[in-house]
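# Summary of the model geometry
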Amino acid sequence: MSIQLKWPRRLGTRLTLSYILLLAGTTLVFTAGTAAVVFFQMRAQLAHFAVQDIETVEGLLSFTADGKLKVRDDYHNHPESKQILEHFLEVLAPDGGVLYRNDRLTNRSLGAALLPGEGIGGYSQRSGTLSDGTRVVIVSRRHTLAGRSLLIRLAHSEEPVFHALEQFLAAAALLFPLVMGAAALAGYRMSRRILQPVQNMASRAGEITSSRLHERLPVNGTGDELDHLAEVFNQTLTRLDESFRQLKQFTSDASHELRTPLASLRSVGEVGLAGNGTREEYRELIGSMLEEVNRLTHLVDELLMISRGDAGAIRLNYSAVDVFDLARETIALLEPLAEEKKQRLVLAGDQDAIINADPVFLRQALINILHNAIKYSPSGATTSLRVAKETSQSVVISVQDAGPGIAPEHTPRIFDRFYRVDQGRSRDAGGFGLGLSIAQWAVEAHHGSISVSSARGEGTTFRITLPVFLEPKPIETPKLSATQKPI
Ligand code: ADP
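Residues numbered from 1 in each chain as written. Predicted model: local features only at pLDDT ≥ 70, side-chain atom pairs only at ≥ 80, totals over all residues. Heavy atoms only, no water.

This next bit is on the pattern of salt bridges. Counted according to the given criterion, the structure contains 19 salt bridges. In this structure, the salt-bridge partner of R463 is E390, at a minimum N-O distance of 2.8 Å. Of this pair, R463 sits in strand β14 (residues 460-467) while E390 sits in the loop between β11 (382-389) and β12 (394-400), and the two are 73 residues apart along the sequence. It is possible to trace a salt-bridge network through shared partners that takes in E90, R101, E118, R126 and R153. (Salt bridge = Lys/Arg side-chain N within 4 Å of Asp/Glu carboxyl O. Helix = DSSP H or I, 4+ residues; strand = E, 2+ residues; numbered from the N terminus.)

See the structure below:
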């Protein structure tokens, strides 16, 4: 059976735990380090005292007439030498024979035979344990007295040092849990206090539903990270709110547009059913019904394209496109319409402008613009298309008509979805106000731009600028809704 330790889920607890683990680790390392430094310093001090004591002992040693080693009589009165009583003293002959042991040492020894080189040319130092278990630091020194070589060993008990160390560690062990407990409590409270605003933001954000997108999170103005988070969240809400508003507007405009042809179909149908018309009259009724159906189909096609664009479902198929040829094809497509209104379509400009584009969508953009030019220009007017290689990197297509022009207050909005300058007149002419928004989307999908310059009574010029991109490179299709203005 294995026990798996899980990191707590709550951020506050996790923060506190990390902080406590770090603090505990630091405290343990610090305590162990301090204990080690103090311990080794005290031991070094003991050894130092032992060296001083050996120097004192050297001055007090002498041989009696019968060749016995003795420590001078005033040994006990001498203030410094008195301390030697409290330590362990042993004097050995070079052959290891014991010449002297002090009372404290009695029959215990400070190590048996002489170690090689012990006490020669300075002081030798080592640690050891006496037979009763007393831990000592032993200092040895060779000394010559009356022509005889001696080895003096003097030891200081290390027990007081170990005792002090144990006391220090015991006190630390006792204080450690108390300090950690207090730190954990303080850390937990602090993390709770810091995270409380996050909690508040989360519960506030949880209350914001699609119908309450106008609500915002409070920004305290402290300029800290949480304030920044609230600001970013609020900006996202603003964008969402705007998208929702546009979506609602689009749905309501679309329903409105669908209602008119449907109502017209219904009333034509009702007239057909109610009357006892001639064959010719019924043919006329069916004809006008089909006209409405065509309008409806056209609207549904445009709506479908917009919604596919919004969903990012349209993929452009790039290929090398000769813009002049594309313009010629578009003119050929709309020529019958122009002829109907006795208008002229003229094409001029650079014949070798090749760009990397999707011909289907680019043609659609041109058709929408040229169709408008024909639609809004009077009979007998001329519309000019011009293709120009503006730079080595861009191509410009301009469509200039001799129509009524657009008043300056309307120009910024003509690319908006369902926007028509003259609602009644445009409806009669068959437009839903979607043509330019689709054209704009197609141009922007090619990383190009579209602009309009117009004045009332002076005609209108649309200008499409497209990048060349001769090297095929993947271009992401922008979503229709990505433009600031609804299209
Ligand atoms: P519509 O289908 O109504 O033509 P568009 O999106 O194509 O919709 O155009 C939006 C509006 O811009 C039109 O309703 C019209 O009022 C105005 N407009 C577009 N092109 C021209 C033009 N060449 N001359 C005058 N007005 C234009």
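Still more to cover.
In this section: the domain arrangement of the protein chain. With domains assigned, the protein chain is organised as domain 1 (11-162), domain 2 (225-310) and domain 3 (319-467). For domain 1 versus domain 2, the separation of C-alpha centres amounts to 104 Å. (Domains from an automatic or database assignment.)

Further remarks concern the packing of helix α3 (residues 159-206) against helix α4 (residues 225-274). Relative orientation of the contacting elements α3 and α4 amounts to 10 degrees, with a least axis distance of 11 Å. Regarding the angle of α3 to α4, the classification is roughly parallel. Of the two possible hands of crossing, α3 and α4 adopt the one that is right-handed. Between α3 and α4, the contacting residues are I194, P197, V198, M201 and A205 on the first element and L226, L229, A230 and F233 on the second. Considering only residue class, the contact of α3 with α4 consists of nine nonpolar, no polar and no charged. (Axes fitted to C-alpha atoms, helices over the stretch in contact; angles between N-to-C directions. Parallel < 35°, antiparallel > 145°, perpendicular 65-115°, else oblique. Left-handed = near helix turned anticlockwise from the far one by under 90°. Contact = heavy atoms within 4.5 Å. Nonpolar A, V, L, I, M, F, W, Y, C, P; charged D, E, K, R; others polar.)

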